[in-house]
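Per-entry structural report
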Amino acid sequence: MAPAGKENAPLPQISFRKVEDGDTTQPMGVHDGAARNYGYNGFKPFERPEHYIRHIEPLESELANQVEYDMDEQDQEWLDAMNRERKKEQMDQVTYEIFEVIMDRLEKEWFDLVGNPSEQRWPPFD
């Protein structure tokens, strides 16, 4: 039984708008050649090998040339706001890939500066 006064309530109307996205026509992969030099994938689709896949932990030297940072929604919101400000100043936009390269390098340089954080007193500069 419906609550009093709700018997003839109209159904909500659905509304939407179509968002045009020009990036959907580009093939998968990272299109910035400089970002691909830092370990981002190319355009080749993944092909499943016939043998088992096993993970081998990369060496320190391999990690130095590979981007490990993965931006999240907060990073994306901050970068989008920063790019809006940069656009007002007629400056180039910072791509998501370049942001990840920069953050990855900052984290690795910090780690090299302070050494292994588990062995350090905090803060490191007292």
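Going by what an unreviewed UniProt entry lists, the protein chain is known as Enhancer of polycomb-like protein and is assigned to Tulasnella calospora MUT 4182. In its Sequence similarities (unreviewed entry) section, UniProt records this for the protein chain: "Belongs to the enhancer of polycomb family." Here the protein chain is described in UniProt, under the heading Subcellular location (unreviewed entry), as follows: "Nucleus".

**Concerning the pattern of salt bridges**
A full pass over the atoms with the stated rule returns four salt bridges. Linking E109 and R105 is a salt bridge whose minimum nitrogen-to-oxygen distance equals 3.6 Å. Of this pair, E109 and R105 both sit in helix α4 (residues 96-114), four residues apart, which is roughly one turn of the helix. A relative accessible area of 43% means that E109 is categorised as partly exposed. Overall, R105 belongs to the partly exposed group, its relative accessible area being 33%. One salt-bridge network, in which partners are shared between bridges, spans E68, D104 and K108.

**Some words on a negative patch on the surface**
Judged by side-chain charge, D70, D72, E73 and E77 come together as a negatively charged surface patch. As for its position among the elements, E73 is in helix α3 (residues 73-88).

**Remarks on α4**
An α-helical segment advances 3.6 residues per turn. Residues three or four places apart therefore align on the same side. For α4, with 19 residues, the first-to-last C-alpha span of 27 Å sits near the 27 Å given by 1.5 Å per residue. Every buried residue belonging to α4 is among F99, E100, V101, D104, K108 and V114, and all of these are buried. Those residues of α4 that are buried are in contact with α2 (60-64) and α3. Following α4 by one or two positions, G115 adopts a phi angle in the positive range, close to 75°.

**So, unusual backbone geometry**
The backbone of Q90 sits at a positive phi, close to 60°, despite the residue not being glycine. Within the element layout of this structure, Q90 appears in the loop between α3 and α4. Overall, the relative accessible area of 73% leaves Q90 in the exposed class.

**Examining α3**
For α3, spanning 16 residues, the distance from its first C-alpha to its last is 23 Å, which sits close to the expected 22 Å at 1.5 Å a residue. All buried positions along α3 are accounted for by D75, L79 and N83. Angularly, the buried residues of α3 cover 65° about the axis, an arc narrow enough to put them on a single face. Facing away from the buried side of α3 by over 90 degrees, the exposed positions are E73, Q74, E77, R84 and K88. Summarising the contacts, the buried residues of α3 are in contact with α4. Just past α3, the residue Q90 takes up positive phi, approximately 60°.

Conventions used here
- Residues numbered from 1 in each chain as written.
- Predicted model: local features only at pLDDT ≥ 70, side-chain atom pairs only at ≥ 80, totals over all residues.
- Heavy atoms only, no water.
- UniProt positions renumbered as here; feature names shortened; annotations may be inferred.
- Salt bridge = Lys/Arg side-chain N within 4 Å of Asp/Glu carboxyl O.
- Helix = DSSP H or I, 4+ residues; strand = E, 2+ residues; numbered from the N terminus.
- Buried < 20%, exposed > 50% of the residue type's maximum accessible area, 1.4 Å probe, protein only.
- Patch = residues over 30% accessible without salt bridge, like charges linked within 9 Å, V, L, I, M, F, W, Y side chains within 5 Å.
- Areas by Shrake-Rupley, 256 points an atom, 1.4 Å probe, with all protein chains shown as cover.
- Lys, Arg positive; Asp, Glu negative; His and termini not counted.
- Charge placed at Lys NZ, Arg CZ, Asp CG, Glu CD.
- Expected span 1.5 Å × (residues − 1).
- Contact = heavy atoms within 4.5 Å.
- Arc of directions from axis to C-beta.

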